[in-house]
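Residue strings, one per chain:
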Amino acid sequence: MTRSRTYRAPFAPGGPVAVDSEMCRKLLAIALGRGGDYADLFFEYRAGGGIVFEEGITKSASRGVSLGLGVRVQRGDATGYAHTEDLAWDSMKRAAETAARIANEGGKAPPARLEPLSLATRYELELPSIDVAGPEKRALLERASKAAHAFDSRIVKAEATFAEEIREILVATSDGRIAHDVQPLLRFGIRAIAEENGKRESGSSGGGGRMTLGYFADKSPEWHAERAARQAVTMLGARQAPAAQMEVVLAPGDSGILLHEAVGHGLEADFNRKGTSNYTGMVGKPVASELCTVVDDPTFLQSRGSINVDDEGIEPEKSVLIENGVLRGYMQDRLSARHFQVNPRGNGRRESFACVPMPRMTNTVLLSGPHDPEEIVKSVKRGIFAKTFGGGQVDISNGDFVFSLTESYLIEDGKITAPLKGVNLIGNGPETLREVSMLGNDVAISDGIWTCGKDGQSVPVGVGCPTIKIQKLTVGGTARRRGAHARSLGRPPRTRAPERRRFRRASACHGVRGARPPRLGRGGVARPPA
């Protein structure tokens, strides 16, 4: 298990408020005391920080910690939840009593004897980045900034950011599970701005995961800087995007965010339990092209979305969601798994101890197909090559989506040609998967840049896909036709607020938002940025 030399949970063995199995069992008994069916405890300690470097100086540096306990009690489909930042016995007892009030039928059987889980080691690190001295991390940002400026004289600004955290959790459940895990995370990003003749364009690059600073041995700060600068300079000569229904080719890796948002959220079991997903009742039926097999896999080594245990004490497994175009199942947490009478598979996740867990994705990937990527591009007479995604939104109830692209190119006669700007992809998730006509053999996983938001909670995730050809998809652009004013084809889908899901890129490429100072939580406890 990863251990920080500096930041260790007070509730861990040997800590100042060490929590053992006997204490957990007493709290669980209190939580079940009014007749709950199930209860769990979620202890969390988190330490993190960030650095922003711009124009030769450190613009900001931050560090923060948070600590607390969440107690959940379930009675049927109802959930009682309470949390505290004070790990004194009286405070924890009060939280357990508060959560217990969801039930009122008197005591039932005591919690089972707690047996420690033996967990996988998907991110065991000798020296997590949070233990490395600040000047060493600042030097990485300075190298990136210098490299971006050196790439081209038209680069007028470069901003580099670094965010990191270490999260230590202890989960105890009334059905006899107790699990302890330490989850490191880092993220690096660089944003470059190019200017020419009064015109400005930006480019970005970033990456990371549950790994050490050894990440930069393969992808150096200079590598990321040149990538960001090249994109910015290229976009100076970009054409206005066409507006039409066209063939679209998605680049491997980060294009998986379209799958994650337009399809993945609809396969989370809580939406299907409530009947608000267009995949409700579709298990066993075709929902995509026969080329498509989609999995959610938390087992990738050191990936941003990987976990050894979920936030409900379940050891996660790979879930096959769609197989050869047929829907096979949903991503389950404990509550939804009980509703569907299946076993939970480790998708119960939460942002912090102050939040109730819900079904969430980990690393969601569209697996490889049979086609050569070059063959896919050559098959397109006129279309769009989508390389880098920006923001977007999706309506869970019907799968309608709109995405903006930060880097895209025109495909003409089987060749990638002119860069484009102002490209939006507008469509419907299930319909888009049915339009997949070619699938590359080059599946790639995103480089640790995505954070997913749902119901006000954010968690780190991974996405992935091979090169994908979509036979037809609406492209919203701003190219003028026949003297008409520039316009955008189509509008974002109308959404009902409860089902709309926005996402953001976790890379530091979106200005200082990428590595903002820690936010203050309840009681003035800082929450880390990563």
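Up top is the structure.
Here's what I pulled together on the structure shown here. (Residues numbered from 1 in each chain as written. Predicted model: local features only at pLDDT ≥ 70, side-chain atom pairs only at ≥ 80, totals over all residues. Heavy atoms only, no water.)

Describing the nonpolar core
Judged by nonpolar contacts, the single largest core of 50 residues is most densely connected at Leu267, Ile322, Phe389 and Leu425. Considering every element that reaches this core, the biggest residue donor is helix α5 (residues 256-264), with five residues. Counting 32 residues, the second-largest nonpolar core is a separate cluster that includes Leu28, Tyr45, Ala47 and Leu87. (Core = buried A, V, L, I, M, F, W, Y, C linked by side-chain atoms within 4.5 Å. Buried < 20%, exposed > 50% of the residue type's maximum accessible area, 1.4 Å probe, protein only. Helix = DSSP H or I, 4+ residues; strand = E, 2+ residues; numbered from the N terminus.)

Considerations on the packing of helix α1 (residues 21-31) against helix α2 (residues 89-100)
Viewed as axis vectors pointing N to C, α1 and α2 meet at an angle of 35 degrees, and their least axial separation amounts to 7 Å. Here α1 and α2 pass one another in a crossing that is right-handed. Between α1 and α2, the residues in contact are Met23, Lys26, Leu27, Ile30 and Ala31 and Trp89, Met92, Lys93, Ala96, Glu97 and Ala100, respectively. Residues that form the contact of α1 with α2 fall into these classes: eight nonpolar, no polar and three charged. (Axes fitted to C-alpha atoms, helices over the stretch in contact; angles between N-to-C directions. Left-handed = near helix turned anticlockwise from the far one by under 90°. Contact = heavy atoms within 4.5 Å. Nonpolar A, V, L, I, M, F, W, Y, C, P; charged D, E, K, R; others polar.)

A short note on the environment of glycine 256
Residue position: glycine 256 is located in helix α5. With relative accessibility at 0%, the residue glycine 256 sits in the buried group. Residues glycine 256 and leucine 366, 110 residues apart in the sequence, show an inter-C-alpha distance of 7.2 Å. Excluding residues within four positions of it along the chain, glycine 256 makes contact with Val463, Gly464 and Cys465.

Regarding the layout of surface pockets
For the second largest pocket, the calculated volume is near 400 Å³. Surrounding the second largest pocket, 24 residues form its lining, Trp223, Arg227, Asp254, Lys387 and Thr388 being those nearest its centre. Listing elements by their share of the lining of the second largest pocket, those giving two or more residues are β7 (199-209), α4 (221-235), β16 (382-395), β17 (400-412) and β21 (444-445). Here the lining of the second largest pocket takes six residues from α4, the largest share from any one element. A breakdown of the residues in the lining of the second largest pocket according to their chemical character gives seven nonpolar, nine polar and eight charged. (1 Å grid on protein atoms, 1.4 Å probe; cavity = no way out; pocket = protein on both sides within 12 Å on 5 of 7 lines; lining within 4 Å. Points joined across faces, edges and corners; volume = space filled by probe spheres on them.)

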